[in-house]
Amino acid sequence: MTLTDAERFARLRLARTDQIGPVTFRQLLERFGSAGRALEALPDLTRRGGTHGHTIPPVDDISVEMEAGERIGARLIVLGDADYPDMLAAVDPPPPLLWALGDASLMARPCIAVVGARIASAGGQRIARGLSQQLGEAGHVVVSGLARGIDAAAHAGALPTGTVAVLGGGVDDIYPPDNADLYAQIVDRGCVVSESRIGARAQAKDFPRRNRIISGLSRGVIVVEAELKSGSLITARLAGEQGRDVFAVPGSPLDPRSQGPNELLRQGAILCEGLEDVERAFNTLRTLREPSPANPFDGAPDDVEAAVIEQVAALLSPTPTPRDELARALGLPIGTVAAALLELHLMGRAELLPGGLAATGSP
């Protein structure tokens, strides 16, 4: 599928609309067939629910973001573009867009993430750098988050063969500043990627989204050093949920930075002491999760009756419920229930979750 410039612009605008997250973004595309039509329908859908609606950004604001990207040489890749990474498209739900600075084609090659502690030991950094160099020479693209410590060592080791840095802020947000030289080298020889606006500064809320992209791009995630409560373990958890392999480099029980990898090993992560462990795991026959081709809105009416919407709402609870279970309970087609749930979500009365689940909306 080739998207028109107008549709790509509309997808960026829809993605930047207030309270439209990845789940709602994808469902609006499936419901209306294009971001352009979804943007046209959004005001009426929210007004029907008696809410003030979602704030759709002005066209001029999106033009400014597009121009900012062009000015620094960044490329916008939206969901549906031919060069949107296949591995990331298989995530449920995939990020609506990516800004890429550098060689975006690296994301189409086999990728593996190497992550770990910011305050890393000299030994941990040596392992990350050496392992990343070996992975690169074996044909893998190393993905990490450009943080201090393990991330920086992983990028440095993979620079000659290709590395992808995923940022929490915009692709022009060099954070931490002491990685400025490494950032410049990655832009020149690798790729810097972000879901955030050009010019955005990284905030705490951005890092879980960044971690999800790191694991989503990768066939596996290697954790070198990490404390028990760390972003690296969040990345490992996301990788497991996405059907990716999780590897852990074991360490001394006397070092708190080894507690994270050692705990992952207890939970069934793959022991990683070198490239051979990674290659052995990847050569084991397994099925990676693929994006579902089914559109849940097939057969949905153009307008869902208010009575049907209320019937669906009455069955929701704080416990997530599968969409098909709601359809069976009401004797209604899946498409009708999916459309009703989307409208309830836009009213703020339902929460749409990955995997076709729904729950009552946040009070």
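These numbers were taken from a predicted model, which means no experiment stands behind them.

**Overview of the packing of helix α14 (residues 323-330) against helix α15 (residues 334-347)**
Part 1 of the argument: Put simply, α14 and α15 touch, their axes get as near as 9 Å, and they point 115 degrees apart. Accordingly, the angle class assigned to the pair α14 and α15 is roughly perpendicular. Seen along the crossing, α14 lies across α15 with a hand that is right-handed. Residues Arg 323, Asp 324, Leu 326 and Ala 327 of α14 touch α15, and the partners they reach there are Ile 334, Val 337, Ala 338 and Leu 341.
Part 2 of the argument: Split by residue class, the contact of α14 with α15 holds six nonpolar, no polar and two charged.

**A word on the sheet that holds strand β10 (residues 321-322)**
Part 1 of the argument: Strand order in the open sheet formed by three strands is β10-β12-β11, with antiparallel pairing between adjacent strands. The open sheet has two edge strands with one neighbour each: β10 and β11 (350-353).
Part 2 of the argument: Of the pairings in the sheet, the one linking β10 to strand β12 (residues 357-360) comprises two bridges and is antiparallel in character. When the bridges of β12 are listed, Thr 321 appears paired with Ala 358.

**A word on the sheet that holds strand β6 (residues 191-194)**
Part 1 of the argument: Pairing within the open sheet is mixed, and its nine strands lie in the order β1-β2-β6-β5-β4-β3-β7-β8-β9. Of all strands in the sheet, those with a lone pairing partner are β1 (75-78) and β9 (270-271), marking the two edges.
Part 2 of the argument: With two bridges joining them, strand β8 (residues 245-248) and β9 adopt parallel strand pairing. Looking at β9, one finds that Ala 248 is bridged to Leu 271.
Part 3 of the argument: Across the sheet, helix α8 (residues 180-189) touches β2 (97-102), β5 (163-166) and β6, and the angle it forms with β6 is around 100 degrees.

**Let's talk about helix α7 (residues 150-158)**
Part 1 of the argument: Across the nine residues of α7, eight count as buried, placing the element largely inside the fold.
Part 2 of the argument: Within the sequence span of α7, burial applies to Ile 150, Asp 151, Ala 152, Ala 153, Ala 154, His 155, Gly 157 and Ala 158.
Part 3 of the argument: Here the buried face of α7 lies against β3 (111-115), α6 (122-137), β4 (141-144), β5, α8 and α9 (206-217).

**Things to note about unusual backbone geometry**
Part 1 of the argument: Backbone torsion omega between Asp 92 and Pro 93 reads -5 degrees, so that peptide bond is classified as cis.
Part 2 of the argument: For the peptide bond that leads from Tyr 175 to Pro 176, omega is -5 degrees, which places it in the cis range.
Part 3 of the argument: You can see Pro 176 is positioned in the loop between β5 and α8.
Part 4 of the argument: A positive phi angle is found at Gln 19, which is not glycine, with a value near 65 degrees.
Part 5 of the argument: Locating Gln 19 in the fold gives a position in the loop between α1 (5-15) and α2 (22-32).

Reading the values: rules and limits
- Residues numbered from 1 in each chain as written.
- Predicted model: local features only at pLDDT ≥ 70, side-chain atom pairs only at ≥ 80, totals over all residues.
- Heavy atoms only, no water.
- Axes fitted to C-alpha atoms, helices over the stretch in contact; angles between N-to-C directions.
- Helix = DSSP H or I, 4+ residues; strand = E, 2+ residues; numbered from the N terminus.
- Parallel < 35°, antiparallel > 145°, perpendicular 65-115°, else oblique.
- Left-handed = near helix turned anticlockwise from the far one by under 90°.
- Contact = heavy atoms within 4.5 Å.
- Nonpolar A, V, L, I, M, F, W, Y, C, P; charged D, E, K, R; others polar.
- Pairing = 2+ DSSP bridges.
- Buried < 20%, exposed > 50% of the residue type's maximum accessible area, 1.4 Å probe, protein only.

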